[in-house]
Amino acid sequence: RKEVEQDPGPFNVPEGATVAFNCTYSNSASQSFFWYRQDCRKEPKLLMSVYSSGNEDGRFTAQLNRASQYISLLIRDSKLSDSATYLCAVNSLTSGTYKYIFGTGTRLKVLA
Amino acid sequence: DTEVTQTPKHLVMGMTNKKSLKCEQHMGHRAMYWYKQKAKKPPELMFVYSYEKLSINESVPSRFSPECPNSSLLNLHLHALQPEDSALYLCASSQGQRDRFNQPQHFGDGTRLSIL
């Protein structure tokens, strides 16, 4: 089993739809969690940090479920510009150093 | 605009060449990272520097040699690369590995490397 897993998609949704992605992780000692957005041939850009209490930024909501070891990202009122790959990053302590383990990424296509 | 600057944006080199990739950040971050990313795959960690000291080398071949001259700069020296090393090389930085370990990493826009 991979340390961090995501459904690769693609998720094809119409404009205005609500879409949700999950990311599961296997290391129960993981410390912090993030969602990144990556456009084709570009660098990952930080979308949101994921807090235990959940957090919202406009149309985006991120949640953490430590008991079931997953994080989620909800996008409301999808826009064409939301089309991208969404990567989850799990920050864990390994041999005294914190490092990210990325999921494979979930591709989202928002259709007109 | 990204606050982590990488140069060059593109690099084409032969297998016998020696070149260097450069990364710079002025956010006062004390942890810096090199990643390699192939098409349709997530970034793969190569090296981690914390307070200018190498703290993780993910069993990267010696033809890749990192260097951290000061807290703002990170280099990746390349020598005798193979065609399979062609990829996007990403630099990232974060506030630190000690009391600020929960802060996110910020990525540069990468160097697209092609090995002929």
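Here, the structure is the one placed above.
A short tour of the structure in this document, coming up. In this text the structure is predicted, and so the values were computed from the model without any measurement. Counting restarts for each chain, with residues numbered from 1 along the sequence as it is written. Lettering of chains starts at A and numbering of ligands starts at 1, both following the order in which they are written. Only residues with pLDDT of at least 70 get local features here, since the model is predicted, and only at 80 or more are side-chain atom pairs given and counted; chain-wide, interface and lining totals rely on the full set of residues. Note that the side-chain values use all heavy atoms of the structure and ignore hydrogens as well as water.

## Considering the interface of chain B and chain A
Between two residues, a contact is recorded if the distance between any of their heavy atoms is within 4.5 Å. In this complex, chain B contributes 25 residues to the contact, which on the side of chain A involves 22 residues. The working definition used for a salt bridge is a side-chain nitrogen of Lys or Arg within 4 Å of a carboxyl oxygen of Asp or Glu. The tally of links between chain B and chain A comes to one salt bridge. Think of a polar contact as two N or O atoms within 3.5 Å of one another; within protein, one of them needs to be a possible hydrogen donor and the other a possible acceptor, and neighboring residues in sequence only count if both atoms come from side chains. Run the count over chain B and chain A and you get five residue pairs in polar contact (both at pLDDT 80 or more). Segments assigned H or I by DSSP are reported as helices when at least four residues long, segments assigned E as strands when at least two residues long, and all are numbered from the N terminus. Where the side of chain B that touches chain A is concerned, the elements lending two or more residues are strand S4 (31-37), strand S5 (44-50), strand S6 (53-57), strand S9 (87-94) and strand S10 (106-107) of chain B. Classifying every residue of the side of chain B that touches chain A by side-chain character gives 12 nonpolar, nine polar and four charged. All amino acids are sorted into three groups, where Ala, Val, Leu, Ile, Met, Phe, Trp, Tyr, Cys and Pro are nonpolar, Asp, Glu, Lys and Arg are charged, and the leftover types, Gly among them, are polar.

## Some words on the nonpolar core
The criterion is simple. A nonpolar core is a set of buried Ala, Val, Leu, Ile, Met, Phe, Trp, Tyr and Cys residues joined through side-chain atoms within 4.5 Å. Only protein chains enter the accessibility calculation, which uses a 1.4 Å probe; a residue is then buried when its area is under 20% of its type maximum, exposed when over 50%, and partly exposed in between. Phe21, Trp35, Ile71, Leu73, Ile75, Tyr86 and Leu108 of chain A are the most contacted members of the largest nonpolar core, which totals 24 residues. If you list the elements that add at least two residues to this core, you get strand S3 (19-25), strand S4 (32-38), strand S5 (44-50), strand S7 (60-65), strand S8 (70-75), strand S9 (84-94) and strand S11 (106-111) of chain A. Counting 22 residues, the second-largest nonpolar core is a separate cluster that includes Phe47, Leu78, Tyr89 and Cys91 of chain B.

## Description of the sheet that holds strand S8 (residues 73-79) of chain B
All names here are of chain B. With antiparallel pairing, the four strands of this open sheet are ordered in space as S1-S3-S8-S7. This sheet does not close on itself; its edge strands, each paired only once, are strand S1 (4-7) and strand S7 (64-70). Across the sheet, the mean angle separating the axes of adjacent strands is 20 degrees when strand polarity is ignored. Should DSSP find at least two bridges between two strands, the strands are regarded as paired. Looking at chain direction, strand S3 (residues 18-25) and S8 are connected through seven bridges and run antiparallel. Paired with Leu21 across the two strands is Leu76, which belongs to S8. Only the stretch in contact is used when a helix axis is fitted, and all axes are lines through C-alpha atoms; the angle between N-to-C directions ranges over 0 to 180 degrees.

## Overview of the sheet that holds S8 of chain A
Working definition: the strands of a sheet are paired by backbone hydrogen bonds and lie parallel or antiparallel to each other. All names here are of chain A. The strand order S1-S3-S8-S7-S6 describes an open sheet built from five strands, whose pairing is antiparallel. With one partner strand each, in any of the chains shown, strand S1 (4-6) and strand S6 (55-57) form the two edges of the open sheet. Here the strands of the sheet are splayed against their neighbours by 15 degrees on average, with no regard to which way each runs.

## Points about empty space enclosed by the protein
The method works on a 1 Å grid over the protein atoms by themselves. A cavity is a set of points holding a 1.4 Å probe that cannot get out, a pocket is an open set with protein on both sides within 12 Å along at least five of seven lines, and residues with an atom within 4 Å of a point line them. Grid points are joined across faces, edges and corners, and a volume is the space filled by probe spheres set on the points. What the rule picks out here adds up to three cavities of 30 Å³ or more. Around the largest cavity sit Asn91, Tyr98 and Tyr100 of chain A together with Tyr33, Ser94, Gly96, Gln97, Phe101, Gln103 and Gln105 of chain B, which together line it. In the lining of the largest cavity, the residues fall into four nonpolar, six polar and no charged.

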